[in-house]
Amino acid sequence: MTRYVALLRAVNVGGAGKVAMTELKAMCVDAGFDHVQTYIASGNVVFESKASSRRVKSELEARLLAYAGKPVVVFVRTANEMQAVLNRNPFPEKPANFTVAIFLDNPPPPDALDRATGKADEEMRLGSREIYVHYGAGMGRSKLKIPAATHGTARNMRTIAKLVDMAREI
């Protein structure tokens, strides 16, 4: 069995894309996943499965489409991959709640940071399938736009650390 973390994109943000975490948990259980746990109402779920990452992603996206009536993108990482995201944080000395990893399905293009606009005090680094950003004044005040991150989903380092702990404990 592989321990997974699944991150839903654009769920429970600004009143759009509502998916109750109880419903998300039920979808995962119905899909045959074990030890399912959700974390905060922003589309984070931890579980075990014998299925591949690709299969887990397609299964969840199909169930979410049926539930929501529109596509919901899911990013899947193994527990070890999530630990690596946390370990590779290039801004470990910065506040965890002002530092995010933007999760992508594929590696970001090498020029992803060069194409960013609206940069002020933010610091950015590329990861393997992530873009790391430290928001100096906070994400809510930032005007930063990263075209390569448009279809990704961000989680702050505090949330990532909690998801890693949860995956370790199941």
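Here, every reference points to the structure presented above.
Let us look at the structure shown here. (Residues numbered from 1 in each chain as written. Predicted model: local features only at pLDDT ≥ 70, side-chain atom pairs only at ≥ 80, totals over all residues. Heavy atoms only, no water.)

**Some remarks on the packing of aromatic side chains**
Here's step 1: Per the counting criterion, the structure on display carries 2 aromatic pairs.
Here's step 2: When the ring of tyrosine 4 is compared with that of phenylalanine 47, the centres are 5.8 Å apart and the planes differ by 40°; the resulting orientation is tilted. Within this pair, whereas tyrosine 4 is found in strand E1 (residues 2-8), its partner phenylalanine 47 is found in strand E3 (residues 44-49), the two being separated by 43 residues in sequence. Neither residue differs from the other here; tyrosine 4 and phenylalanine 47 are each classed as buried.
Here's step 3: A ring pair is formed by phenylalanine 33 and phenylalanine 47, whose centres lie 4.4 Å apart and whose planes are at 10°; its orientation type is stacked. (Phe/Tyr/Trp six-rings, centres within 6.5 Å; stacked < 30°, edge-to-face > 60°. Helix = DSSP H or I, 4+ residues; strand = E, 2+ residues; numbered from the N terminus. Buried < 20%, exposed > 50% of the residue type's maximum accessible area, 1.4 Å probe, protein only.)

**Let's talk about the nonpolar core**
Generally speaking, a soluble globular protein has its nonpolar side chains buried in company with each other.
Here's step 1: Of all hydrophobic cores here, the largest spans 19 residues; its most connected members are Leu24, Cys28, Phe47 and Leu60.
Here's step 2: Broken down by secondary-structure element, the contributors of at least two residues to this core are E1, helix H1 (21-30), E3, helix H2 (53-68) and strand E4 (74-78).
Here's step 3: It is H1 that provides the largest number of residues to this core, a total of 4 residues.
Here's step 4: In this structure, phenylalanine 47 is in contact with Thr2, Arg3, Tyr4, Ala6, Cys28, Phe33, Asp34, His35, Val36, Val56, Leu60 and Ile170, ignoring residues within four places of it in sequence.
Here's step 5: Leu7, Ala101, Ile160 and Met166 belong to the second-largest nonpolar core, a separate cluster that totals 18 residues. (Core = buried A, V, L, I, M, F, W, Y, C linked by side-chain atoms within 4.5 Å. Contact = heavy atoms within 4.5 Å.)

**Considering unusual backbone geometry**
Here's step 1: Despite not being glycine, histidine 35 shows a phi value in the positive range, around 55°.
Here's step 2: Along the chain, histidine 35 turns up in strand E2 (residues 34-39).
Here's step 3: For isoleucine 40, which is not a glycine, the phi torsion comes out positive at approximately 45°.
Here's step 4: By the secondary structure assignment, isoleucine 40 is in the loop between E2 and E3.

**Thoughts on the sheet that holds E4**
Here's step 1: Judged by pairing direction, the sheet is antiparallel, and its 4 strands sit side by side in the order E2-E3-E1-E4 without closing on themselves. The sheet is open, and its two edges are formed by E2 and E4, each paired on a single side. Neighbour-to-neighbour, the strand axes of the sheet open up by a mean angle of 20°, direction not taken into account.
Here's step 2: Relative to E4, E1 is paired through 5 bridges, and the arrangement is antiparallel. The partner of leucine 7 across the bridge, within E4, is phenylalanine 75. (Pairing = 2+ DSSP bridges. Axes fitted to C-alpha atoms, helices over the stretch in contact; angles between N-to-C directions.)

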